[in-house]
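Coordinates in review
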Amino acid sequence: MKILKDKVVKLSFVALLITITAAMFYTPTASAHGEKSQAAFMRMRTIHWFDLNWSKEMVPVNDTMTISGKFFVFSGWPETVDKPEVSFLNIGIPGPVFIRAGSWVGGQLVPRSISLELGETYDFKVLLKARRPGDWHVHTMLNVQGGGPIIGPGKWVTITGSMSDFVNNITTLTGETINLETYNLENTYFWHGLWYAIGLSWMFYWIRRPLFIPRSIAVEAGKADTLITATDKKVAMGFLAGSLVLVLVSYSMTEEQYPVTVPLQAGLLRGIKSLDLPAPTVSVKVEDATYRVPGRAMQMTLTVTNNGDSAIRLGEFQTAGVRFMDSNVAVDDTGYPDDLLAEDGLTVSDNSPLAPGQSRTINVTASDAAWEVYRLADLIYDPDSRFAGLLFFWDESGNRQMTTIDAPLIPTFI
Amino acid sequence: MSASQSAVRSRAEAVKVSRMFDWFILWAVFWVVLGGYHIHYMLTGGDWDFWSDWKDRRLWVTVAPIVAITFPAAVQACLWYRYRLPFGAVVAVLGLLLGEWVNRYLNFWGWTYFPVNFVFPSQLLPSAIALDVILMLTGSMTATAVLGGMAWGLLFYPSNWAVIGPLHVPVEYNGMVMTLADLQGYHYVRTGTPEYIRMVEKGTLRTFGKDVAPVSAFFSAFVSIIIYFLWHFFGRWFSSTEFVKAA
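For every chain, the first residue of the written sequence is number 1, and numbering continues from 1 onward in sequence order. Lettering of chains starts at A and numbering of ligands starts at 1, both following the order in which they are written. Per-residue local features are limited, in this predicted model, to residues with pLDDT of at least 70; the limit for side-chain atom pairs, both in listing and counting, is 80 or more; totals at the level of whole chains, interfaces and linings are taken over all residues. Heavy atoms throughout the structure, all of them, feed into the side-chain values; hydrogens and water do not.

Scanning chain A from terminus to terminus reveals six helices and 23 strands. Compactness check: chain A gives a C-alpha radius of gyration of 32 Å against a globular reference of 22 Å for 414 residues, more than 25% above the reference. A total of 414 residues make up chain A; the buried ones form 48% of that total. The contacts of chain A with a sequence gap of at least 6 include a subset with a gap of at least 24, amounting to 68%. In chain A, the 34 positive side-chain charges and the 42 negative ones have mean positions that sit 12 Å from each other. Going along the chain from the N terminus, every DSSP run of H or I of four or more residues is numbered as a helix, and every run of E of two or more is numbered as a strand. Only C-alpha atoms enter the radius of gyration, while the globule expectation follows 2.2 Å times N to the 0.38, with N the number of residues. Exposure is judged per residue with a 1.4 Å probe applied to protein chains only, and the accessible area is read against the type maximum: over 50% gives exposed, under 20% gives buried, and values in between give partly exposed. The contact rule is simple, with two residues in contact once any of their heavy atoms fall within 4.5 Å. For this count, His and the chain ends are skipped, Lys and Arg are scored as positive, and Asp and Glu as negative. The atoms used to mark charge sites are NZ of Lys, CZ of Arg, CG of Asp and CD of Glu.

Across its full length, chain B carries ten helices and two strands. Its helices and strands taken in sequence order, chain B reads α-α-α-α-α-α-α-α-β-β-α-α from the N to the C terminus. Here chain B holds 247 residues, and 61% of them are scored as buried. Look at the contacts in chain B between residues 6 or more apart in sequence, and 73% of them connect residues 24 or more apart. A 1.4 Å probe and the Shrake-Rupley method give the accessible areas. Residues count as covered only by the protein chains that appear here. Total accessible area on chain B stands at roughly 10,200 Å², and carbon and sulfur atoms take up 71% of it. Counting 17 positive and 14 negative side-chain charges, chain B places the averaged centre of each group 10 Å from the other.

Further remarks concern the domain arrangement of chain A. What the domain assignment lists for chain A is domain 1 (40–173), domain 2 (179–257) and domain 3 (282–412). Start and end positions for the domains come from either an automated domain assignment or a database one. The C-alpha centroid of domain 3 of chain A is placed 70 Å from the C-alpha centroid of domain 2 of chain A.

On to the pairing of strand β3 (residues 64–73) of chain A, then. Residues and elements named next belong to chain A. Within β3, seven of the ten residues are buried, which leaves it mostly tucked inside the rest of the structure. Here a strand pair is declared whenever DSSP counts at least two bridges between the two strands. Pairing geometry for strand β1 (residues 47–54) and β3, over six bridges, is antiparallel. Residue pairing across strands places F50 opposite K70, the latter belonging to β3. In this sheet, strand β8 (residues 121–130) lies alongside β3 in antiparallel orientation, the contact comprising nine bridges. Each residue of the ladder has a partner; that of T66, found in β8, is L127.

As for its position among the elements, K55(B) is in the loop between α2 (47–50) and α3 (59–68). Salt bridge, as used here: a side-chain nitrogen of Lys or Arg that lies within 4 Å of a carboxyl oxygen of Asp or Glu. Despite its burial, K55(B) pairs with no opposite charge, the nearest such side chain being D49(B) at 4.7 Å. In this structure the side chain of K55(B) is engaged in a polar contact, spanning 2.8 Å, whose partner is the backbone oxygen of D49(B). We define a polar contact as two N or O atoms separated by no more than 3.5 Å, with the added condition that, inside protein, one atom must be a possible hydrogen donor and the other a possible acceptor, whereas residues neighbouring each other in sequence contribute only through side-chain atom pairs. Engagement of the side chain of K55(B) in a polar contact is seen with the backbone oxygen of F120(B), the distance being 3.1 Å. If we skip the residues at most four places from it in the chain, K55(B) touches L264(A), W48(B), D49(B), F50(B), W60(B), F120(B), P121(B), S122(B), I164(B) and H168(B).

Quick look at the interface of chain A and chain B now. Listed as interface residues are 92 residues of chain A and, on the opposing side, 89 residues of chain B. Taken together, the two surfaces of chain A and chain B that pack against each other cover about 7,900 Å², and 70% of this comes from carbon and sulfur. Summed over both partners, the accessible surface that disappears when two parts come together, traced with a 1.4 Å probe, is what is meant by buried area. The three residues of chain A that bury the most area against chain B are H192(A), F212(A) and L264(A), which together make up 11% of that side's buried surface. Where chain A touches chain B, the interface holds zero salt bridges. Counting the contacts that link chain A with chain B gives 36 residue pairs in polar contact (both at pLDDT 80 or more). Only β4 (87–92), β5 (98–105), β9 (134–144), β11 (169–171), α3 (185–207), α4 (212–220) and α5 (230–257) of chain A provide two or more residues apiece to the side of chain A that touches chain B.

For sheets, the rule is that strands pair by backbone hydrogen bonds, running either parallel or antiparallel. Residues and elements named next belong to chain A. Spatially, five strands are ordered β18-β17-β16-β21-β22 in an open sheet, and the strand pairing comes out mixed. Two strands bound the open sheet, and with one partner strand each, they are β18 (341–342) and β22 (400–408). Where strand β17 (residues 322–325) lies against β18, two bridges are found, and the strand directions are parallel. Bridge pairing in β18 links F324 to A342.

We now examine the nonpolar core. By size, the foremost hydrophobic cluster in this structure holds 197 residues, and its most contacted members are F98(A), V138(A), F317(A), F387(A), Y37(B) and F87(B). The dominant element in this core, judged by the number of residues it contributes, is helix α8 (residues 141–164) of chain B, at eleven residues. Apart from the residues lying within four places of it in its own chain, the contact partners of F87(B) are W202(A), M203(A), W206(A), I207(A), L211(A), L26(B), L79(B) and D132(B). In this description, a nonpolar core means a group of buried Ala, Val, Leu, Ile, Met, Phe, Trp, Tyr and Cys residues linked to one another through side-chain atoms lying within 4.5 Å.

Think of a pair of aromatic rings as described by two things: how far the centres are apart, and how the planes are tilted against each other in angle. Aromatic pairing here means that ring centres of Phe, Tyr or Trp (its six-membered ring) are within 6.5 Å. Orientation follows from the plane angle: under 30 degrees is stacked, over 60 is edge-to-face, and everything else is tilted. Inspection of every chain in the model, using the stated rule, returns 38 aromatic pairs over all chains. Seen from their ring centres, W48(B) and W54(B) are 5.6 Å apart, and the 85° between their planes marks the pair as edge-to-face. Relative accessible area serves as the criterion here: at 3%, W54(B) is assigned to the buried category. One aromatic cluster in this structure is built from F50(B), W51(B), F108(B), F114(B), F118(B) and Y188(B). Sitting over the ring of Y205(A), R209(A) keeps its end group 5.0 Å from the ring centre. Consider the ring centre and the ring normal. A charge sits over the ring if Lys NZ or Arg CZ is within 6 Å of that centre and within 35 degrees of that normal.

All names here are of chain B. Where helix α1 (residues 11–44) contacts helix α4 (residues 70–83), the two axes come as close as 10 Å, and the packing angle between them is 150°. As judged from the angle between their axes, α1 and α4 are roughly antiparallel. When α1 is examined against α4, the residues V33, G36, Y37 and H40 are found in contact with a partner set consisting of T70, F71, P72 and V75. Residues of the contact of α1 with α4, tallied by class, amount to five nonpolar, three polar and no charged. Axis geometry follows a simple rule: fit a line to the C-alpha atoms, using only the stretch in contact for helices, then measure angles between N-to-C directions, giving values from 0 to 180 degrees. Under this scheme an angle from 65 to 115 degrees is roughly perpendicular, one under 35 degrees roughly parallel, and one over 145 degrees roughly antiparallel; angles in between are oblique. Residues are grouped as follows: Ala, Val, Leu, Ile, Met, Phe, Trp, Tyr, Cys and Pro are nonpolar; Asp, Glu, Lys and Arg are charged; every other residue, Gly included, is polar.

So, about the pattern of salt bridges. If you walk through the whole model with that rule in mind, you get 19 salt bridges over all chains. The partner of R400(A) in a salt bridge is D51(A), and the shortest N-O contact between them spans 2.8 Å. Note that R400(A) is positioned in strand β22 and D51(A) in strand β1, a separation of 349 residues in sequence. Since its relative accessible area comes to 32%, D51(A) is described here as partly exposed. If you follow the salt bridges from partner to partner, you end up with D53(B), D182(B), R190(B), E195(B) and R198(B) in one network.

The next thing to look at is α8(B). Residue and element names in this part refer to chain B. A rise of 1.5 Å per residue sets the reference length of α8, with its 24 residues, at 34 Å; its end C-alpha atoms lie 33 Å apart and thus fit the reference within 8%. To get the bend at any residue, fit one axis to the seven residues that end at it and another to the seven that begin at it, then take the angle between the two axes. Along α8, the sharpest change in direction is near 35° and occurs at L155; proline P158 comes one to four residues later. Burial analysis of α8 places 18 of its 24 residues in the buried class, the great majority of the element. Two or three places before T142, at the opening of α8, S140 has a side-chain oxygen 3.2 Å from that residue's backbone nitrogen. In this analysis, the expected span of each helix is defined as 1.5 Å times one less than the number of residues it contains.

The structure is reproduced here in structure tokens:
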């Protein structure tokens, strides 16, 4: 019996080792940015990204691509997130696989933080230059001070070529053209190497003689003063004087070689120009909204009033970057990421053209696996169970107008 | 062999064992200090030491020396008062810089591909040599704290200028003036480090025009004196030996 027990223990141990070893070999690349983990209400009620365009899906090293589009700073910004008074237009990529060659909001270059207004829509563009080959998930992203990163939709982009070919040439105001990828590198290694060698030589001076036991005995015996000789003091003074001279020389040489330098630049850019959009002629009132957990569908009862002069139809509901569309009204032709696009995810009880001056109450269902995949269904666990999104209507001439909705959401579990 | 007998049989053997003990202890001290000092410096100096676009003339000059004088003061206290060895600051900084360079090269460059010219560590060795030599020449903790702490803070900026100066050359970029260091921070995307958390050029020190670095360095030096005292006592306490009577 004991032999059997021992064998079971031994085999179990071997199995455990094999499992652990096998697990070590499974190391998938972490390419995404935790966008699905971000609280659903933050993605639904802060920044609404739309009209996004990734200019390329495959980029060779040194070539550029842009991400452009618009974002609406939601009027019903949640109280638990600081307002975007200090924000930064970032880009969600796994490290500097691209360099950010430029970024603009409202036509203004934004290398610094910016101040945004609630209820305004801004256009933006980010220019990226490919640096490191691979398949990368490239997200739009806005950092908000006190609110954290608010990540937008992401799309896979492939960079081809070799990183060793990457160059980042910049011309300074002193007229010199440098490659920022390698600029100042040898100088950095030289000075760090030189000072490290000097530090080691100071150490070497002391460690070439007996250290701890004999010196401890001498100190305990009250003979500590005998351990530092006159030569030691001269050598130490030499090291100190030499170090001071070297610091002075290196400083002077740098000043001579780079006579024009300026301090680091920082600050907040205010007055960013928002888009001057015409006031919508459609008004929408949310009568009620429920999320049916088993069906992964959100149902809304909306009263829509057309105050314009052309009949309209509801074509799209967009929230947290997920687009629920009625393909009878509108079709995406921008190459929007598949996982965020429900081409027939929007069902409207009566989507016949709504004539000018008329009002109609409709039932709208937005259903797709994206509710679950993108963890938007977790909204029901948020402390402030409200949802929000953008509704896009199309008139007879194909013109589009946007309205926003913001209302409580009631979950149903049966 | 009884407990009262010596473990060595000759003077030559004793010397050999003693030297071997030296190497063991030195090796252990180096790596232990490297680990502790590195973690401490990354947690307290952090971004100011990581990125060239954080190495400004106000806050980096102030913060980095203050948080960096800690371990050198403690290691000095141990090595000087117990062994009269005046290399506590240098061995600590050698350890720190080795750790930092391994980190910058393998992690920042090797894993995440930030160029090394953007993520090099700050230079502390001239300050450390001054601290050790002043301790050795004066033999006094108070004098080392005052003179050494002052030298530590004041030497920091000029020691680093040879490496950071070239990165402060101005460039016009899409209609804005930036330094090359600013441009590195803008180009090499840090998803988790938005521009607004970059603590540079903040504060109310505006009455000295462009000559801010010396004022910041003096302030840093004054605080370094206080921190030296504090950490010196940590070092003394940590290296003290207490014998207790058996129950």
